[in-house]
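Structural features, examined
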Amino acid sequence: MDKEIANLRNEYSKAALDIHETTDNPVEQFRNWFDEARKALIPEPSAMTVSTASPEGRPSARVLLLKDITEQGFVFFTNYNSRKGKEIENNPFASLTFFWPELERQVRIEGKLEKVAPEVSDNYFNSRPRGSRIGAWASPQSEEIPDRDTLEIREKELKEKFEGQEIPRPEHWGGYELIPDRLEFWQGRESRLHDRIVYRKTGSGWSRKRIAP
Ligand SMILES: Cc1cc2nc3c(=O)[nH]c(=O)nc-3n(C[C@H](O)[C@H](O)[C@H](O)COP(=O)(O)O)c2cc1C
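Residues numbered from 1 in each chain as written. Predicted model: local features only at pLDDT ≥ 70, side-chain atom pairs only at ≥ 80, totals over all residues. Heavy atoms only, no water.

Side note on the packing of aromatic side chains
Going through the model one piece at a time under the given rule, you end up with 16 aromatic pairs. Measuring from ring centre to ring centre gives 5.8 Å for Y12 and W186, while their planes differ by 80°; the resulting arrangement is edge-to-face. One end of the pair, Y12, is in the loop between α1 (3-6) and α2 (26-39); the other, W186, is in strand β7 (residues 173-187), with 174 residues separating them in the sequence. In this pair, the class of Y12 matches that of W186, namely buried. (Phe/Tyr/Trp six-rings, centres within 6.5 Å; stacked < 30°, edge-to-face > 60°. Helix = DSSP H or I, 4+ residues; strand = E, 2+ residues; numbered from the N terminus. Buried < 20%, exposed > 50% of the residue type's maximum accessible area, 1.4 Å probe, protein only.)

What follows is the structure, encoded as structure tokens:
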């Protein structure tokens, strides 16, 4: 065992999470924590690990940026033909994991993904910098490409093609919304006796309980 790696650890003691201080609605609870993460000036507070799985249950995970919090759930944007897009097509269950080390907090969100309406994808796509919009056309995300030059040549060609024009959203690029049925709020505590509050979807609302660390 590499002792230098094994000895890397922190004690967590910044805060506590009492079930009575959590809100009835977990999306509201997430908003509160997300606002606190922003106020704490955490770099990339919206970066989250999105885990998907093949129909056979083989998981894959990558970091994406959260782009909206709605009444129903959590929105991100990507290439629908990417590896994740193909997995989601065949198995819509997914999870999101946020880690905000400065606040010693983790949030885990599980549920089902749905594509957002095309207008929602259009609105967000049109708000992106021009370079990113070209990039969405230029990159066949997750597919093998011969070399870096291929990508850059494609980018240059597309810049010329769209010169002086609006860049439309490619059909293969858009948003997903994760509609949660389980959320866990984790606050690091001393001696690894962390606080964990879990919400589960019931018929019309949410149940809430504490689970062991
Ligand atoms: C901080 C960070 C933010 C990212 N945000 C996005 C994003 O919002 N959308 C996206 O498609 N990829 C994003 N990526 C790239 C993904 O991690 C990933 O490489 C890409 O989506 C391809 O994943 P896939 O092959 O599993 O489909 C981001 C990567 C990092 C490190």
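Focus: the site of the ligand
Around the ligand, the structure places R62, V63, L64, L65, F77, T78, S82, R83, K84, Q141 and S142. At a separation of 3.3 Å, an oxygen atom of the ligand approaches a polar side-chain atom of S82. K84 places a polar side-chain atom, nitrogen or oxygen, 2.7 Å from an oxygen atom of the ligand. Alone, the ligand offers 620 Å² of accessible surface; in the complex the protein occludes 63% of this. For the shell around the ligand, the element with the most residues is strand β2 (residues 59-65), which contributes four residues. Its residues assigned to classes, the shell around the ligand comprises four nonpolar, four polar and three charged. (Near = heavy atom within 4 Å. Polar contact = N/O pair within 3.5 Å; in protein donor to acceptor, adjacent residues only side chain to side chain. Areas by Shrake-Rupley, 256 points an atom, 1.4 Å probe, with all protein chains shown as cover. Nonpolar A, V, L, I, M, F, W, Y, C, P; charged D, E, K, R; others polar.)

A look at the nonpolar core
Generally speaking, soluble globular proteins have nonpolar side chains that are buried together. Of all hydrophobic cores here, the largest spans 30 residues; its most connected members are F30, F74, L96, F98, W100 and I109. Residue assignment for this core shows that the elements contributing at least two residues are α2, β1 (47-53), β4 (74-79), β5 (93-100), β6 (105-115), β7 and β8 (195-201). Beyond its immediate stretch of four places on either side in the chain, F30 contacts L66, I69, F74, F98, W100, V107, I109 and F185. Core analysis: the next-biggest nonpolar cluster, separate from the first, contains 11 residues, V75, V116, A136 and W173 among them. (Core = buried A, V, L, I, M, F, W, Y, C linked by side-chain atoms within 4.5 Å. Contact = heavy atoms within 4.5 Å.)

Digging into the pairing of β5
Bridging between β1 and β5 involves three bridges; their strand directions are antiparallel. In the strand pairing of β5, S51 is matched with S95. Examined bridge by bridge, β5 and β6 share eight bridges and lie antiparallel to one another. In the strand pairing of β6, F93 is matched with K112. Linking two consecutive strands that pair antiparallel, namely β5 and β6, is a turn of four residues; a positive phi of about 55° is found at E104 within it. (Pairing = 2+ DSSP bridges.)

Focus: the environment of L66
Relative to the elements of secondary structure, L66 occurs in the loop between β2 and β3 (68-69). Residue class for L66 comes out buried when judged on its relative accessible area of 7%. In this structure, L66 is in contact with F30, F34, S46, M48, F74, V75 and F98, ignoring residues within four places of it in sequence.

Some points on α2
The end-to-end C-alpha separation of α2 is 20 Å, in line with the 20 Å expected for 14 residues at 1.5 Å each. Positive phi appears at L41, one or two residues downstream of α2, with a value of about 55°. (Expected span 1.5 Å × (residues − 1).)

Focus: the pattern of salt bridges
This structure, assessed with the given rule, holds 14 salt bridges. Across the salt bridge formed by R83 and E87, the nearest N and O atoms sit 3.3 Å from each other. Residue R83 and its partner E87 are both found in helix α3 (residues 83-90); the two are separated by four residues, about one turn of the helix. Classification of R83 by relative accessible area gives partly exposed; the value is 43%. Judged by its relative accessible area of 9%, E87 is buried. Across the pair R182 and E110 runs a salt bridge whose closest N-O atoms are separated by 3.8 Å. On the criterion of sequence distance, the pair formed by R182 in strand β7 and E110 in strand β6 is long-range, its members being 72 residues apart. Classification of R182 as buried rests on a relative accessible area of 13%. Via salt bridges that share partners, R108, E110, R182, E184 and R196 belong to a single interconnected network. (Salt bridge = Lys/Arg side-chain N within 4 Å of Asp/Glu carboxyl O.)

Limitation: the analysis is restricted to geometry and does not speak to function.
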